[in-house]
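Understanding the architecture of this molecule
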Amino acid sequence: MNDSAVENSKGPQGNAVSAAEKTNLFALIWRLPMLVWQSIFFAIPLLFLVYLSFWLVRNYRMEPGFDPVNWIKMFSKDYFWDAYVYTFGLAFLSTVVASLIAFPCAYALSFKVSETARRWAIFFLIIPFFTSYLVRVYSWQIIIAENGVINAMLSYVGLGPFIMLNTAFGSIVGYLTLTLPLVVILQTFSIASIDRNLIEAAHNLGCGRLRTVFTVIVPLAKIGLIIGALFCFILSFGDFVSPYYLGGSKPPTLSILIIDTTKSGQQWPKAAVVAVTMIVTLLVVAFTSVGLAYRKRT
Amino acid sequence: MTQALVEFDTVVKRFGSFTAVKELNLEIHKGEFVAIMGPSGCGKTTTLRMLAGLDQPTDGEIRFSGRRMNDVGPSERDTPLVWQTLALFPFLNVVKNVEFGLKMRGMDAPTRHAKAMDWLQRLEIGEFATRDISQLSGGQRQRVALARALVTEPEILLLDEPLSALDAHLVIRMQGVLTRLQRELGITFVYVTHSQSEAFAMADRVVIMSNGLIEQIGTPQEIYREPSSRFVAEFVGRNNIIEGEVTRTAGGKVTINSPVGSCTAALPSQMKVKKGEPLSFVVSADVISLSNTKPKGENIIACELISEEFIGSVATLFVETASGAELKAQIQQRDLTKLDTSPGARIHLSWPSASVHILPQTSNLQGEMT
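What this report covers is the structure whose coordinates are included nearby.

The rules we used
- Residues numbered from 1 in each chain as written.
- Chains lettered and ligands numbered in written order.
- Predicted model: local features only at pLDDT ≥ 70, side-chain atom pairs only at ≥ 80, totals over all residues.
- Heavy atoms only, no water.
- Helix = DSSP H or I, 4+ residues; strand = E, 2+ residues; numbered from the N terminus.
- Buried < 20%, exposed > 50% of the residue type's maximum accessible area, 1.4 Å probe, protein only.
- Contact = heavy atoms within 4.5 Å.
- Areas by Shrake-Rupley, 256 points an atom, 1.4 Å probe, with all protein chains shown as cover.
- Lys, Arg positive; Asp, Glu negative; His and termini not counted.
- Charge placed at Lys NZ, Arg CZ, Asp CG, Glu CD.
- Axes fitted to C-alpha atoms, helices over the stretch in contact; angles between N-to-C directions.
- Parallel < 35°, antiparallel > 145°, perpendicular 65-115°, else oblique.
- Left-handed = near helix turned anticlockwise from the far one by under 90°.
- Nonpolar A, V, L, I, M, F, W, Y, C, P; charged D, E, K, R; others polar.
- Core = buried A, V, L, I, M, F, W, Y, C linked by side-chain atoms within 4.5 Å.
- Phe/Tyr/Trp six-rings, centres within 6.5 Å; stacked < 30°, edge-to-face > 60°.

**Here we look at the overall build of chain B**
The helix and strand tally for chain B stands at 10 helices and 20 strands. Taking the principal axes of its C-alpha atoms as reference, chain B extends roughly 75 × 45 × 40 Å. A buried classification covers 52% of the 370 residues belonging to chain B. Taking all contacts inside chain B whose residues are at least 6 apart in sequence as the whole, residues at least 24 apart take part in 65%. For chain B, the computed accessible surface area is about 16600 Å², with 50% contributed by carbon and sulfur atoms. The centroid of the 38 positive side-chain charges in chain B is displaced by 2 Å from the centroid of its 42 negative side-chain charges.

Next comes the structure, spelled out in structure tokens:
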């Protein structure tokens with residue numbers, strides 16, 4: 001069998017297909033749909049996006065070309081960098097807040113409730129995804145508006161009104177609406193799979209309950225915590241619904257910058273510059289996080 | 001009598017409607033090597049976990065040197081446990097794992113590192129100090145777990161089936177390591193196992209548990225030769241437990257009519273039996289002599305050989321009497337050649353009446369009750 005495989009690989013005219021080649025072909029067929037899908041709907045558009053960023057716009061008409069002018073112009077504008085820093089900062093803040101709120105929830109779901117209760121809780125955390133994110137963000141408008149539900153209730157006790165809509169706070173509320181259930185789920189899976197013996201071993205070696213959380217549970221759940229945070233960052237960084245409807249577009253985030261740029265005089269190539277910058281940023285963040293998550297020791 | 005290091009005073013542990021431990025009374029003294037042995041679910045691990053404070057007694061009291069420990073949390077006692085799964089921290093390297101307990105006690109970094117290294121050297125794994133746990137073999141991990149537990153120099157070390165995951169030859173080596181450590185350090189070892197060979201090889205005292213109750217406490221020799229109940233006799237294994245009826249008592253001996261035939265046994269002085277009374281007795285498989293021709297003496301049972309089990313230097317022969325009762329006998333391999341051991345061969349079993357152990361009569365009642 002091995003001999004024939006060797007002969008076939010040596011002689012290109014060999015008409016018998018070797019077993020190894022058959023397996024490869026079989027595997028290839030299974031992989032093919034994924035490859036085709038990814039190529040048509042991800043790789044090719046992405047390459048086109050990069051190419052588009054080098055096109056030119058003359059008289060409100062796009063002309064194919066290969067000119068770095070869009071990159072130079074965009075990168076020399078203060079408003080681009082302001083938007084970049086603001087978007088990054090807001091997404092980072094959203095990630096930190098979501099992770100901090102999610103951790104106690106995930107901890108409780110992992111250790112303090114029964115298996116059945118945990119399953120129900122995860123089910124309820126998935127339910128928000130059944131409804132449109134846009135609808136959920138709209139309903140937040142009613143709740144946090146100046147004359148909205150919260151301020152109406154606060155006015156009864158003589159407080160407020162607090163301006164929450166069209167602020168960074170509003171954006172964060174929107175981001176959390178999108179990401180918090182997901183972060184809780186990812187953290188719960190990670191914490192719940194921790195070997196209980198390790199936690200008891202820590203107690204047994206003189207490590208108190210609270211200290212065990214930081215010295216044992218966090219390192220053991222590291223992968224889930226980082227992947228949860230990464231998802232939160234990616235979703236927040238690229239989102240335009242929350243900063244638009246709850247953040248009031250002021251200051252604009254990169255996603256809003258893309259919309260504005262396309263609306264003003266067909267500037268698709270400049271919008272492509274912003275989009276490519278965002279993708280590169282997310283790639284760097286993602287690789288760094290995954291690298292951190294799977295690094296062997298803390 | 002000196003103050004016991006550990007006292008279990010009518011300790012009960014219930015999990016919901018399930019009672020894992022029923023009225024446990026046990027004293028463990030300083031420097032003792034105690035093995036708690038029993039089948040799965042007998043309550044031995046729960047007992048150990050209560051010692052470590054990982055489970056709280058539902059009822060009764062656990063005392064350490066006279067001090068009530070019921071409400072003392074696991075992290076506030078010095079009762080390190082060597083886990084069956086070892087429970088080494090995968091995110092820490094070998095030496096950091098060993099240092100863990102010292103770090104929790106607030107010892108400074110250089111001192112605890114030095115101490116941890118000492119223990120790793122002592123257990124002959126110093127060279128692996130900076131390795132990851134995943135890079136170690138089973139035996140090496142075992143030593144790391146031991147070092148991690150012993151580094152705080154506790155008065156008592158708890159071990160929960162620590163050798164169950166190891167290969168047979170490593171088990172023997174680790175038994176040697178454990179026994180040597182225990183003698184050198186003079187600390188108390190409480191060792192939970194289901195393995196008779198581990199318990200008997202290492203322990204000063206063996207506690208046999210079943211269904212949440214202690215069946216017997218004694219030296220390995222006592223447990224093996226004088227089981228106090230049918231359960232212990234069966235659990236210890238390689239025993240023939242024979243039930244019969246007393247037909248005659250005379251001169252410190254009792255004659256019992258049983259399915260294997262009429263047998264005589266030495267009657268313990270404190271035991272009183274009446275004619276016609278039911279009585280169970282144990283004939284350990286290793287006190288039985290075998291021959292193809294009928295020997296002279298007492299307790300001679302003619303049998304037919306059914307099969308043999310041959311492990312190393314000792315062989316176990318399974319035989320059947322004319323009435324269909326099955327017996328087992330152990331024989332040295334070198335003696336096996338003198339015997340016709342073809343299946344169906346006629347074999348005479350015999351044993352001295354002094355080697356027969358009569359089970360206390362109450363144990364029969366207890367056996368029926370549980």
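**A few points about the packing of helix H4 (residues 138-150) of chain B against helix H5 (residues 168-185) of chain B**
Residues and elements named next belong to chain B. Orientation of H4 relative to H5, taken along the N-to-C sense of each, is 20 degrees, at an axis distance of 11 Å. Comparing their axes, H5 and H4 come out roughly parallel. As H4 packs across H5, the resulting crossing turns out to be right-handed. Between H4, through Gly139, Gln142, Arg143, Leu146 and Leu150, and H5, the contact on the second element is made entirely by Leu170, Arg173, Met174, Val177, Leu178, Leu181 and Leu185. A per-class count over the contact of H4 with H5 returns 8 nonpolar, 2 polar and 2 charged.

**Quick word on the nonpolar core**
Nonpolar side chains in soluble globular proteins tend to be buried together. Residue and element names in this part refer to chain B. Leu120, Leu146 and Leu157 are the most contacted members of the largest nonpolar core, which totals 49 residues. It is H4 that provides the largest number of residues to this core, a total of 6 residues. With sequence-adjacent residues up to four places away left out, Leu120 is seen in contact with Val94, Val95, Val98, Ile125, Gly126, Ala129 and Ala147. In terms of nonpolar packing, the next biggest core, distinct from the first, is built from 41 residues, Val21, Leu26, Phe89 and Leu92 among them.

**Quick word on the packing of aromatic side chains**
All names here are of chain A. Applying the stated criterion to the full structure yields 32 aromatic pairs over all chains. Ring centres 4.7 Å apart and planes at 15 degrees place the aromatic pair Phe54 and Phe66 in the stacked group. Placement of Phe54 in the loop between helix H2 (19-52) and strand S1 (56-58) and of Phe66 in the loop between strand S2 (61-63) and helix H3 (69-75) is noted, with a sequence separation of 12 residues between them. When its relative accessible area of 65% is taken as the criterion, Phe66 is described as exposed.

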